[in-house]
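The residues making up each chain are set out below.
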Amino acid sequence: MAKIVYCSKTDDGMLIDAVEDNILIYDEIGGKVHVLNSTSKLIWDNIYENTKVEDLENLIFDSYDIKDEEKESVRQDIQEILNSFAQNNLISIKKINDW
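Residues numbered from 1 in each chain as written. Predicted model: local features only at pLDDT ≥ 70, side-chain atom pairs only at ≥ 80, totals over all residues. Heavy atoms only, no water.

### Brief notes about the environment of A86
Okay, step 1: With respect to the helices and strands, the residue A86 is situated in helix α3 (residues 71-87).
Okay, step 2: With a relative accessible area of 18%, A86 lands in the buried category.
Okay, step 3: If near-sequence neighbours (up to four positions away) are discounted, A86 is found in contact with I91 and I93. (Helix = DSSP H or I, 4+ residues; strand = E, 2+ residues; numbered from the N terminus. Buried < 20%, exposed > 50% of the residue type's maximum accessible area, 1.4 Å probe, protein only. Contact = heavy atoms within 4.5 Å.)

### Digging into the confidence of the model for the chain
Okay, step 1: Confidence in the prediction of the chain, expressed as mean pLDDT, is 92, and 97% of residues score 70 or more.
Okay, step 2: Between the elements of the chain, mean pLDDT differs from a low of 91, seen in strand β1 (residues 3-9), to a high of 98, seen in helix α2 (residues 53-63). (pLDDT = per-residue confidence, 0-100.)

### Some details on the pattern of salt bridges
Okay, step 1: Enumeration according to the criterion identifies 4 salt bridges in this entry.
Okay, step 2: We note a salt bridge from E57 to R75, for which the minimum N-O separation is 3.4 Å. Linking E57 in helix α2 with R75 in helix α3, this pair joins segments that are 18 residues apart in sequence.
Okay, step 3: Given the relative accessible area of 5%, E57 is considered buried.
Okay, step 4: With relative accessibility at 26%, the residue R75 sits in the partly exposed group.
Okay, step 5: A network of salt bridges, in which partner residues are shared, links E57, E72 and R75. (Salt bridge = Lys/Arg side-chain N within 4 Å of Asp/Glu carboxyl O.)

### Topic: α2
Along an α-helix, a turn takes 3.6 residues, which lines up residues three or four apart on a common side.
Okay, step 1: For α2, the set of buried residues is V53, L56, E57, I60 and F61. The buried residues of α2 occupy one face: seen down the axis, they fall within an arc of 140°.
Okay, step 2: The elements touched by buried residues of α2 are β1, α1 (38-45), β5 (51-52) and α3.
Okay, step 3: Downstream of α2 by one or two residues, D65 has phi in the positive range, about 50°. (Arc of directions from axis to C-beta.)

### A few points about the packing of aromatic side chains
Okay, step 1: Overall, the coordinates contain 1 aromatic pair when judged by the stated rule.
Okay, step 2: With 5.7 Å between their ring centres and 90° between their planes, W44 and F85 make a pair best called edge-to-face. One end of the pair, W44, is in helix α1; the other, F85, is in helix α3, and 41 residues separate them in sequence. (Phe/Tyr/Trp six-rings, centres within 6.5 Å; stacked < 30°, edge-to-face > 60°.)

Printed below as a string of structure tokens:
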């Protein structure tokens, strides 16, 4: 499986609204509404142009006090979140094939 190493928001035709700990993203072009929970919101809020996924991982580790033995599982969860964002055209990604 290819590992995502960089990502950037697409932001085209999207309206974003915060609702409590969640974010609603209205995709006007695709006609979809995406609801992000607090963890996905934290990731979303910290994606900029060519964001290093390693930086996002460290942010999650620090924010949730992730233990070393849990980090690989959390890395996989982050990859799944980013893949979901990419499949829904919320972000663009750059992958490598050594994962």
